Amino acid sequence: VLRDCSVCECESPPIWASEVDWMPDDLECQHIEDEVVTSVDAHVTDTFGSLVQTDTFFGEDTTAELEDEDAAVVVDLRKNPEQYTGYTGRSAEKVWKAVHEENCFQQEDESDGTCGLSADQRVYNRVISGMHSSISLHVASSYCLELDTDRIAECKTWGANRTLAYERVLSRKDRLENLYVVFAVMLRAVQKASAAIAAAVPEQDSYFAESLIEWKEHLQPELLKITRSCPLTFDESELFNAYAQEDAEYKRKELKRRISHLFEVMECVGCDRCKLWGTLQSLGVGTALRIIIDDDDLQVTNLSRQEAVALVHTLERFSSALVYADQLR
């Protein structure tokens, strides 16, 4: 594992960092079969775990009281880029195995040879696959090509690893297509919640002042222009049309439960920076799905500051991944 697996913390965190709610700290990672959760690791994801807003996202309050005032860690994502960290081997494999074999819906082919998954289940699986593709392409685009022989755990030469990009994503049509799917889902969610994103970040918050101006004056108008100029790439109304109201509500709750489980899996990642980006993007995807599948307009208009930030950052991650997919072909 490289030194870049660690996370650079902010020296002077904002006041609101100590005022957020916290995720339960009784996490069990036996399903990963690896003791990869450490006290330092937990501090990083505690900060982003609070972004879940469990009382509004999952319909019940499962937050825990903060026991250690110094436990919070605030990071600047610009100083902790998503890239190759050296986190590989059995630990990483078990995390992804839990994501794809436990968190995703498992397909059972019908007797006539058709897929037994419903539309909402297929969309969820494709979203998770697309997120995995994005992560792989970011790793491949910023890869350690040569280790520094004079310094331990330091990289001497960084660059693109086209072979890795091809093996993990570009050679697999379904994985590349799923990247487009998850981008379309994120874009649709940002379109629906564009006003809520700006409203979630107080204008007087100095930590987000410049970003808020950039969002309102440049990014938001450009994104809305894209959605108006292109045909509707994702229509969420088709997901539950075939179900009765009670069945549709069950389907929605099941998707939310799986997002909750995805957060738990990310808590078991043994690399701080991987956990940081994995949790952030899981929150972004989870927020997007909540916006899209919930028939309650209040769920669209009520976003926490952290949900809004995760939503925009995750859209940017997937957008960048599409650029890398073109560059690394």
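Placed above this text is the structure.
Residue positions within a chain follow its written sequence, with the count starting from 1. Since the coordinates come from a predicted model, pLDDT governs what is reported: local features require at least 70, and pairs of side-chain atoms require 80 or more to be given and counted, while whole-chain, interface and lining totals use all residues. As a convention, hydrogens and water are excluded, and side-chain values are obtained from all of the structure's heavy atoms.

Trainee: Help me understand the overall build of the protein chain, please; the structure alone is not making it clear to me.
Mentor: Helix and strand definitions here come from DSSP, where helices need a minimum of 4 consecutive H or I residues and strands a minimum of 2 consecutive E residues; each element is numbered from the N-terminal end. Of the regular secondary structure elements, the protein chain holds 12 helices and 2 strands. Written out in order from the N terminus, the α and β elements of the protein chain read α-α-α-α-β-β-α-α-α-α-α-α-α-α. Exposure categories follow from relative accessible area, calculated using a 1.4 Å probe and restricted to protein chains: below 20% of the type maximum is buried, above 50% is exposed, and the middle band is partly exposed. Per-residue burial over the protein chain gives 51% buried out of 329 residues. Once local pairs closer than 6 in sequence are excluded, the contacts in the protein chain between residues at least 24 apart make up 78%. Using a 1.4 Å probe, the Shrake-Rupley method yields the accessible areas, and only the shown protein chains count as cover for residues. For the protein chain, the accessible area works out to roughly 17200 Å², and carbon and sulfur atoms hold 48% of it. Pairs of residues are marked as contacts when any of their non-hydrogen atoms sit within 4.5 Å.

Trainee: Looking at this structure, how should I read the side chain of Arg258?
Mentor: With respect to the helices and strands, the residue Arg258 is situated in helix α9 (residues 245-266). Here Arg258 is in contact with Glu102, Asn103, Cys104, Phe105 and Tyr124, once residues within four sequence places are set aside.

Trainee: What is the right way to look at the state of the cysteines in this model?
Mentor: A covalent bond between the sulfur atoms of two cysteines is what we call a disulfide. A pair of sulfur atoms, both from cysteines and within 2.5 Å, is called a disulfide here. Considering all chains together, one arrives at 1 disulfide under this definition. Two residues, Cys144 and Cys155, share a disulfide whose sulfurs are 2.3 Å apart. A torsion of 110° about the S-S bond marks the disulfide between Cys144 and Cys155 as right-handed. Of this pair, Cys144 sits in strand β1 (residues 143-147) while Cys155 sits in strand β2 (residues 155-159); the two residues are 11 residues apart in sequence, bridging distant segments of the chain. When its relative accessible area of 9% is taken as the criterion, Cys144 is described as buried.

Trainee: What's the story with the side chain of Arg188 in this structure? I'm lost.
Mentor: Mapped onto the elements, Arg188 comes out in helix α6 (residues 173-192). Excluding residues within four positions of it along the chain, Arg188 makes contact with Leu232, Phe234, Glu236 and Ile292.

Trainee: Can you help me understand the packing of aromatic side chains in this one?
Mentor: Geometry of an aromatic ring pair is reported as the spacing of the ring centres plus the angle between the planes. Paired rings are identified among Phe, Tyr and Trp, the last through its six-membered ring, by centres lying within 6.5 Å, and are further divided according to the angle between planes into stacked (under 30 degrees), edge-to-face (over 60) and tilted (the rest). What the rule picks out here adds up to 2 aromatic pairs. With centroids separated by 4.2 Å and ring planes inclined at 40°, the aromatic side chains of Tyr84 and Tyr143 adopt a geometry described as tilted. In this pair, Tyr84 is assigned in the loop between α2 (54-57) and α3 (90-103) and Tyr143 in strand β1, connecting sequence segments 59 residues apart. Across the pair, exposure class does not vary: Tyr84 and Tyr143 are buried alike. Seen in terms of ring centroids, Phe105 and Tyr124 are 5.8 Å apart; in terms of plane orientation they differ by 85°. Their pairing is edge-to-face. Note that Phe105 is positioned in the loop between α3 and α4 (119-141) and Tyr124 in helix α4, a separation of 19 residues in sequence. Each member of the pair, Phe105 as well as Tyr124, carries the same accessibility label: buried. Charges are assigned to positions over rings by a cutoff of 6 Å between ring centre and Lys NZ or Arg CZ, combined with an angular limit of 35 degrees from the ring normal. Looking at Arg258, its charged tip hangs above the ring of Phe105, at a distance of 3.7 Å from the centre. A cation over an aromatic ring shows up here: Arg317 above the ring of Trp277, its NZ or CZ 5.1 Å from the ring centre.

Trainee: Explain the nonpolar core here, please?
Mentor: One broad trend across soluble globular proteins is that nonpolar side chains are buried collectively. By convention a nonpolar core is built from buried Ala, Val, Leu, Ile, Met, Phe, Trp, Tyr and Cys residues, the set being connected through side-chain atoms within 4.5 Å. Ranked by internal contacts, the top residues of the largest apolar core, which has 80 residues, are Tyr124, Leu137, Leu170, Val285, Leu303 and Leu311. Excluding anything up to four places from it in sequence, Val285 contacts Val127, Met131, Met186, Ile259, Thr314 and Phe318.

Trainee: Would you explain the environment of Glu264 in this entry?
Mentor: Summarising the element assignment, Glu264 is placed in helix α9. Look at Glu264 and you get partly exposed, because its relative accessible area is 33%. Between the alpha carbons of Glu264 and Thr279 there is a distance of 9.2 Å; along the sequence they are 15 residues apart.

Trainee: Teacher, can you tell me more about the pattern of salt bridges here?
Mentor: Where charged atoms from two side chains of opposite charge come close, those side chains can pair. Definition used for salt bridges: Asp or Glu carboxyl oxygen within 4 Å of a side-chain nitrogen of Lys or Arg. Tallied over the entire structure, the rule returns 11 salt bridges. In this structure, the salt-bridge partner of Arg317 is Glu82, at a minimum N-O distance of 3.2 Å. Of this pair, Arg317 sits in helix α12 (residues 305-327) while Glu82 sits in the loop between α2 and α3; the two residues are 235 residues apart in sequence, bridging distant segments of the chain. Residue Arg317 is classed as buried on the basis of its relative accessible area of 11%.

Trainee: Would you mind going over helix α10 (residues 272-293) with me for this structure?
Mentor: Side chains that are three or four residues apart share a direction in an α-helix, a result of its 3.6 residues per turn. Expected span of a helix: the number of residues minus one, times 1.5 Å. Its 22 residues give α10 an end-to-end C-alpha distance of 31 Å, which sits within 8% of 32 Å, the value for a rise of 1.5 Å per residue. The buried fraction of α10 amounts to 21 of the 22 residues, a majority that puts the element mostly inside the structure.

Trainee: Please explain the environment of Arg172 as it appears in this structure.
Mentor: For Arg172, the location among the structural elements is in the loop between α5 (162-170) and α6. Measuring from C-alpha to C-alpha, the distance between Arg172 and Ser133 comes to 9.9 Å, with 39 residues separating the pair along the chain.

Trainee: Is there a simple way to think about the environment of Thr227 in this case?
Mentor: The topology assignment puts Thr227 in helix α8 (residues 209-229). Taking the relative accessible area as the measure of exposure, Thr227 reaches 18% and is therefore buried. C-alpha of Thr227 to C-alpha of Arg188: the two residues are 39 residues apart in sequence and 7.9 Å apart in space. What Thr227 contacts, discounting residues up to four positions off in sequence, is Leu187 and Gln191.

Trainee: Explain the packing of α4 against α12 here, please?
Mentor: Each pair of packed helices can be described by the angle between their axes along with the distance between the axes. Axes here refer to lines fitted to C-alpha atoms; in helices the fit is confined to the stretch in contact. Angles between the N-to-C directions go from 0 to 180 degrees. Close contact between α4 and α12 brings their axes to 9 Å; oriented N to C, the two are set at 60°. On the basis of their axis angle, the class for α4 and α12 is oblique. Of the two possible hands of crossing, α4 and α12 adopt the one that is left-handed. The segment α4 lies against α12, with Met131, Ser134, Leu137, His138 and Ser141 engaging Arg317, Phe318, Ser320, Ala321, Tyr324 and Ala325. Classification used: nonpolar for Ala, Val, Leu, Ile, Met, Phe, Trp, Tyr, Cys and Pro, charged for Asp, Glu, Lys and Arg, polar for all others including Gly. Across the contact of α4 with α12, the residue classes tally to 6 nonpolar, 4 polar and 1 charged. Each angle receives one of four descriptions, namely roughly parallel if under 35 degrees, roughly antiparallel if over 145, roughly perpendicular if within 65 to 115, and oblique otherwise. In this scheme, a crossing is called left-handed if the near helix is turned counterclockwise away from the far one by less than a right angle; it is called right-handed if the turn is clockwise.

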